[in-house]
Amino acid sequence: VKDVVGYDMLGHCFFTEDGPEERNTFDHCLGLMVRAGTLLPSDRDSKMCRDITEGAYPGYVPNPRQDCRSEKCMLETGFWFIFHHVPTGPSEGTYSPGHTELTPMGQFTNNRAHSNYRAGMILDNGVKTTQANDKDKRPFLSLIGARYGPHQDADPFKPRVPAVIHHFVAYKNQDHGAWLRGGDVWLDDCQFADNGVGLTLASGGTFPDDDGSHQQVKDSLFVGESDNRGTALPDNLTWGADGADLHGRTLPRGNDFPIRGMQIYDGPINVQNCTFRKFTALEGRHTSAFGFRLNNSWQSCPKNNITDITFDHVPITSRVFFGEPGPWFNKMQMDGDKTTILHDIDGSVSEYPGAFLVKEDNWLLRNPDCIDVPNWKAAICSGLYAQVYIQTRNPANLNMQMKKHYQQFQPVITLAKGYTIHWDQAAPAEVTIWLINFNKNDWINVGICYPQGTTFTIISDIHNRLTKQTRKTGVFMRTMQKDKMNHLHQTRGFYYWEEDSGLLFLKVKAHNDREEFAFCSVKGCERLKITAVIPAGSPPSDCMAEAYPRHAEMPVVDVPLPEKLPNAKLRTPEHFLEVRVESYNTRFFHIKEDFAYTEVNGRKLFQQEDGVQLTIIDGHDGTVLESKSIRNSILQGIPAQIDNYISGLRDGSVIIMSSKGRLVTRGPWTKVMERLGADKNAKLKEKIAFVGFKGSFHPDWVHLEVDHDRAKIHQVLPIPVVHKKKL
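Residues numbered from 1 in each chain as written. Predicted model: local features only at pLDDT ≥ 70, side-chain atom pairs only at ≥ 80, totals over all residues. Heavy atoms only, no water.

> Tell me about the environment of Met554, residues and numbers included.
Summarising the element assignment, Met554 is placed in the loop between helix H4 (544-547) and strand S44 (575-588). Since its relative accessible area comes to 72%, Met554 is described here as exposed. Residues Met554 and Pro368, 186 residues apart in the sequence, show an inter-C-alpha distance of 9.9 Å. (Helix = DSSP H or I, 4+ residues; strand = E, 2+ residues; numbered from the N terminus. Buried < 20%, exposed > 50% of the residue type's maximum accessible area, 1.4 Å probe, protein only.)

Next up, the structure:
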């Protein structure tokens with residue numbers, strides 16, 4: 001099909017229907033002004049019923065082995081690869097089930113899609129290939145889920161054949177530039193501009209269906225808000241302020257919609273040698289180059305890697321955003337919202353090569369060396385990370401609490417640590433723990449809460465998800481010595497049942513090698529299965545009060561945080577300034593001593609006198625200007641002295657404050673902290689750590705910590721300090 005224009009059509013412009021069609025070529029065609037059709041159930045949904053006169057899908061392709069070259073599509077969805085598990089129509093019965101989901105993609109190059117509602121391109125979903133019945137009332141050919149994993153000869157036991165999308169251009173699409181779910185789906189030399197979300201690469205909600213595959217995008221360009229501002233029309237509901245200069249422009253969704261260039265979801269994915277241009281957040285609109293799927297129920301893979309990233313007209317504060325409760329993000333209480341993680345291989349995003357970016361309040365992944373990034377709602381951390389998938393039955397609908405942080409079933413965890421698991425009902429009779437992204441000999445300790453009087457049968461096995469075969473590999477015996485749990489072999493292990501606290505302790509360890517992108521080992525998924533006989537009428541299995549502080553452990557940093565890149569090696573004049581401030585007491589028998597210090601980019605300034613120490617930093621270039629101590633007697637007797645000192649500082653100054661000794665926590669001097677951005681209702685205590693700012697605005701990173709014994713802040717500040725414009 002060459003040099004063909006489809007215009008003002010119902011349903012679709014270019015459509016291959018039965019499912020097994022292969023080796024067709026669409027070359028230099030144009031589809032536009034396509035209106036929703038009603039003939040196929042896959043076209044009908046609630047939005048179509050509301051907007052029946054609006055657009056549909058110019059290109060609908062149920063088999064990926066087609067060649068698309070120099071195509072251009074506009075309106076509902078530009079290109080949609082949608083899969084038939086078995087052929088329908090005249091081809092029914094001619095191919096084995098699952099053939100199209102495994103078929104390698106044909107040539108897809110030099111195509112573009114713009115001005116579509118749903119997406120410029122979708123590679124996802126399938127159609128129902130059975131008739132409606134009492135068990136499943138959905139009609140024949142209605143839209144359902146499907147997973148794409150291309151392999152040689154459409155055989156899952158043969159090598160993978162990546163689906164390559166080359167030089168695809170997607171712009172002005174209201175929702176997505178492209179939503180692609182795989183399998184090996186690889187993009188190169190693509191361009192995404194002015195979309196709600198530039199690109200989302202997805203694999204599977206719990207496991208990638210084609211385990212060992214990954215998605216990647218290389219050598220591509222993402223533009224948040226281009227110079228193509230559009231035209232203001234009387235009925236244009238998506239006209240609003242540009243992030244860079246507040247001038248009017250068309251927007252993808254709403255005025256406060258969080259525009260994202262690359263949306264991190266599922267995994268494993270790889271983003272390499274990509275440029276992000278003109279992503280600028282406003283106060284009230286969380287635009288970011290990298291973001292995460294909103295209201296996400298599914299897993300986040302710790303093997304999501306980014307490297308060699310270039311930012312052009314992207315403020316350092318808008319590079320990444322992990323989300324916060326509010327419009328579009330809702331409560332941030334879904335499992336995927338809590339487990340977000342990103343691996344910055346070369347430090348081109350965070351300035352810390354090899355570091356991980358995690359959500360700021362994910363205490364399963366944080367350690368004492370983590371550095372807060374308040375503008376991103378994130379922390380920069382180092383560690384060895386993996387996942388556990390916890391499956392429960394009898395009952396299967398309860399909430400799980402893991403170490404003071406609610407996670408249902410699939411948290412990212414730090415290896416070589418201990419965790420306790422608690423439930424909001426009586427513990428389930430069956431618990432299966434899957435080891436995900438564990439390398440050989442990786443381990444964690446777990447303590448699972450059960451009612452007193454419970455008895456256990458515990459085995460280990462390996463499940464091959466491709467062949468659907470499971471084989472038992474070992475059994476666990478009860479031991480009366482907790483240390484014996486460490487005597488773990490592949491065929492035999494030990495569990496320790498601490499009945500007075502209600503905790504069942506085990507060591508969970510991987511015994512087999514794993515390929516680079518695989519969730520499971522080369523032999524299959526290693527699992528631990530616990531079958532429990534639980535006394536009838538048992539109360540909820542929440543052992544937190546009995547477990548802590550009894551089983552609390554001091555946090556240990558296993559992987560040192562990498563050194564920050566020197567400013568000379570950075571690609572932009574903006575950079576992060578690492579600051580640490582700490583005020584604390586130490587005790588040696590009956591002797592009590594106070595210590596306080598401020599550290600800026602590795603340079604420590606110790607506080608010598610009781611009172612407060614102020615460290616002044618130039619907010620334009622990050623230079624430490626001076627350090628001044630003000631004694632407690634001055635704070636109490638001549639409070640105007642600190643007020644006058646702050647008044648004499650230049651606007652744009654960063655002020656870091658520590659305390660030592662018995663601090664005067666009340667009085668007129670505390671008004672100074674309000675001027676520098678502290679909450680006026682904050683109650684000071686003997687130990688304070690404070691990072692403030694003198695100027696006409698208060699940045700997101702202003703931070704105050706107070707405590708009776710220890711107050712600590714460790715964070716990065718964006719330099720130069722710039723006022724975020726209001727929406």
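Structure's up, so let's keep going.
> Give a detailed account of the pattern of salt bridges, specifying residues and quantitative values.
Side-chain pairing between opposite charges can occur once the charged atoms of the two side chains come close. The final tally for this structure, using the stated rule, is 33 salt bridges. Of the charged contacts, one joins Arg366 and Asp372 as a salt bridge, the two residues approaching to 2.7 Å between their closest N and O atoms. A single burial state applies to Arg366 and to Asp372, both of which are buried. Among the charged side chains, a salt-bridge network with shared partners connects Lys172, Asp194, Arg229, Asp242, Asp245 and Arg249. (Salt bridge = Lys/Arg side-chain N within 4 Å of Asp/Glu carboxyl O.)

> Requested: an account of the sheet that holds strand S49 (residues 653-660), with residues and values cited.
Strand order in the open sheet formed by five strands is S48-S47-S49-S50-S51, and the pairing between neighbours is antiparallel. Looking at strand neighbours, the two that pair on one side only are strand S48 (624-630) and strand S51 (703-707), the edges of this open sheet. This sheet shows a mean twist of 15 degrees between the axes of neighbouring strands, independent of strand direction. Pairing between S49 and strand S50 (residues 687-694): six bridges, direction antiparallel. Counted as the bridge partner of Ile656 is Val691 from S50. Of the strands in this sheet, strand S47 (611-618), S48 and S50 are in contact with helix H6 (residues 640-647), which crosses S47 at around 5 degrees. (Pairing = 2+ DSSP bridges. Axes fitted to C-alpha atoms, helices over the stretch in contact; angles between N-to-C directions. Contact = heavy atoms within 4.5 Å.)

> If you had to explain the packing of aromatic side chains to someone new, which residues and values would you point to?
What the rule picks out here adds up to 30 aromatic pairs. Ring geometry for Phe456 against Trp497: centres 5.0 Å apart, planes inclined by 75 degrees, an arrangement best described as edge-to-face. In this pair, Phe456 is assigned in strand S39 (residues 455-464) and Trp497 in strand S41 (residues 492-498), connecting sequence segments 41 residues apart. The buried category is assigned to Trp497, whose relative accessible area is 5%. A network of ring pairs unites the aromatic residues Phe79, Phe81, Phe108, Phe168, Phe192, Phe222, Phe276, Phe279, Phe290 and Phe311 as a single cluster. One cation-aromatic arrangement involves Lys482 over Phe505; the distance from NZ or CZ to the ring centre is 4.0 Å. Above the face of the Trp434 ring, Arg527 is positioned so that its terminal group lies 4.7 Å from the ring centre. (Phe/Tyr/Trp six-rings, centres within 6.5 Å; stacked < 30°, edge-to-face > 60°. Lys NZ or Arg CZ within 6 Å of the ring centre and 35° of its normal.)

> Outline the sheet that holds strand S36 (residues 418-423), listing residues and values.
An order of S34-S36-S38-S42-S41-S40-S39-S43-S37-S33-S35 is seen for the 11 strands of this open sheet, with the pairing classed as mixed. Looking along the sheet, the strands with just one partner apiece sit at the ends: strand S34 (400-402) and strand S35 (412-414). Geometrically, the sheet is characterised by an average inter-axis angle of 30 degrees between neighbouring strands, direction not taken into account.

> Break down the pairing of S41 for me, with residues and values.
S41 sits mainly inside the fold: six of its seven residues count as buried. As judged from the four bridges shared by S41 and strand S42 (residues 503-509), these two strands associate in the antiparallel manner. Bridge pairing links Tyr495 to Leu506 in S42. Hairpin remark: S41 followed by S42, antiparallel, with four residues in the connecting loop; positive phi at Gly502, about 85 degrees.

> Describe the confidence of the model for the protein chain, naming the residues involved and giving the relevant values.
Scored by pLDDT, the protein chain comes out at a mean of 92, with 95% of its residues at no less than 70. Note that pLDDT drops below 50 for residues 404-408; the model gives that stretch 17 contacts with residues more than four away or on any other chain. (pLDDT = per-residue confidence, 0-100.)

> Got a sec to walk through the pairing of strand S26 (residues 288-292)? Specific residues and values, please.
Within S26, five of the five residues are buried, which leaves it mostly tucked inside the rest of the structure. Across four bridges, the pairing between strand S23 (residues 260-264) and S26 is parallel. Considered in S26, the bridge of Ile264 is made with Phe292.

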